[in-house]
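Overview (structure and organization)
Here's the letter readout for the chains.
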Amino acid sequence: MAETTNIAAQRAQNESERSAREIRQDIEAKRESISQTVDKLGERIHQTLDWREYVSQRPFIALGVAAGVGFLLSGIFKRRPTPQERIMDAFAEVTEDIADRITDFAGETFKRRLVSGRTVKAALTGVVTKAAMDYARNQLSGMVTGTNKQAQVEHRGQTGSNSAPIH
């Protein structure tokens, strides 16, 4: 009987060894299969995210996207004119408009007597621009001087002085 238990124990041990080997082989096969699957998945992701491949397959869509992105970026980084530039542009438009009206009104007379209509237009534009700038300068200096005079009057009222303002 002791031999039967020994033989049964040996068989059980051989079966457990075989099954351990089979388990190791199964694990190795599964590991290799998983590794191949991950490699294939990585390749597919790379192909999907590769912009060069996308552009070569769909050039018009890529061109549209690039134009849209460029349009958005140009709107974000657009240069804004300063207030002085806006004022100067407005003066230029007004003087050009006035010069055009004057040349339209008296254009035939000037064109017959002068060398060129451009000369008249340039001269009128210069005169009108100079007059507009002088007017604006006078208005600004009047506002600044008016503010100073008002401050002097308030100061005189507080101190009780009746002396003439200093210019």
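Computed from a predicted model, the values in this text were never measured in an experiment.

**A short note on the overall build of the chain**
On a plain count of helices and strands, the chain comes out with five helices and zero strands. The helix and strand sequence of the chain, counted from the amino end, reads α-α-α-α-α. When burial is assessed residue by residue, the chain has 5% of its 167 residues classed as buried. Accessible area of the chain: about 15000 Å², with a carbon and sulfur share of 59%.

**Points about a nonpolar patch on the surface**
A surface patch of nonpolar side chains, amounting to about 920 Å² of accessible area, comprises Trp 51, Tyr 54, Val 55, Ile 61, Val 65, Val 69, Leu 73, Ile 76 and Phe 77. Those elements that provide at least two residues to the nonpolar patch are α2 (51–57) and α3 (59–76). Among the elements that make up the nonpolar patch, the one with the highest residue count is α3 (five residues).

**A closer look at the environment of Ala 123**
As for its position among the elements, Ala 123 is in helix α5 (residues 117–159). Taking the C-alpha atoms as reference points, Ala 123 and Ala 99, 24 residues apart in sequence, are found 9.0 Å from one another.

**Observations regarding the confidence of the model for the chain**
Predicted coordinates in areas of low pLDDT are best not read in detail. Counting all residues, the mean pLDDT for the chain is 78, and 71% of those residues have values of 70 or more. Across the chain, the secondary-structure element scoring lowest on mean pLDDT is α5, at 76, and the one scoring highest is α3, at 90.

**Looking at the pattern of salt bridges**
As enumerated under the stated definition, the model contains five salt bridges in all. Note that Asp 134 and Arg 137 form a salt bridge whose closest N and O atoms lie 3.2 Å from each other. Of this pair, Asp 134 and Arg 137 are both found in helix α5, three residues apart, which corresponds to roughly one turn of the helix. On the accessibility criterion, Arg 137 (51% relative accessible area) is exposed. Because the salt bridges share partners, they merge into one network encompassing Lys 130, Asp 134 and Arg 137.

**Some thoughts on the side chain of Thr 95**
Residue position: Thr 95 is located in helix α4 (residues 83–113). Ignoring any residue separated from it by four or fewer positions in sequence, one finds Thr 95 in contact with Thr 125, Val 128 and Thr 129.

The rules we used
Residues numbered from 1 in each chain as written. Predicted model: local features only at pLDDT ≥ 70, side-chain atom pairs only at ≥ 80, totals over all residues. Heavy atoms only, no water. Helix = DSSP H or I, 4+ residues; strand = E, 2+ residues; numbered from the N terminus. Buried < 20%, exposed > 50% of the residue type's maximum accessible area, 1.4 Å probe, protein only. Areas by Shrake-Rupley, 256 points an atom, 1.4 Å probe, with all protein chains shown as cover. Patch = residues over 30% accessible without salt bridge, like charges linked within 9 Å, V, L, I, M, F, W, Y side chains within 5 Å. Salt bridge = Lys/Arg side-chain N within 4 Å of Asp/Glu carboxyl O. pLDDT = per-residue confidence, 0-100. Contact = heavy atoms within 4.5 Å.

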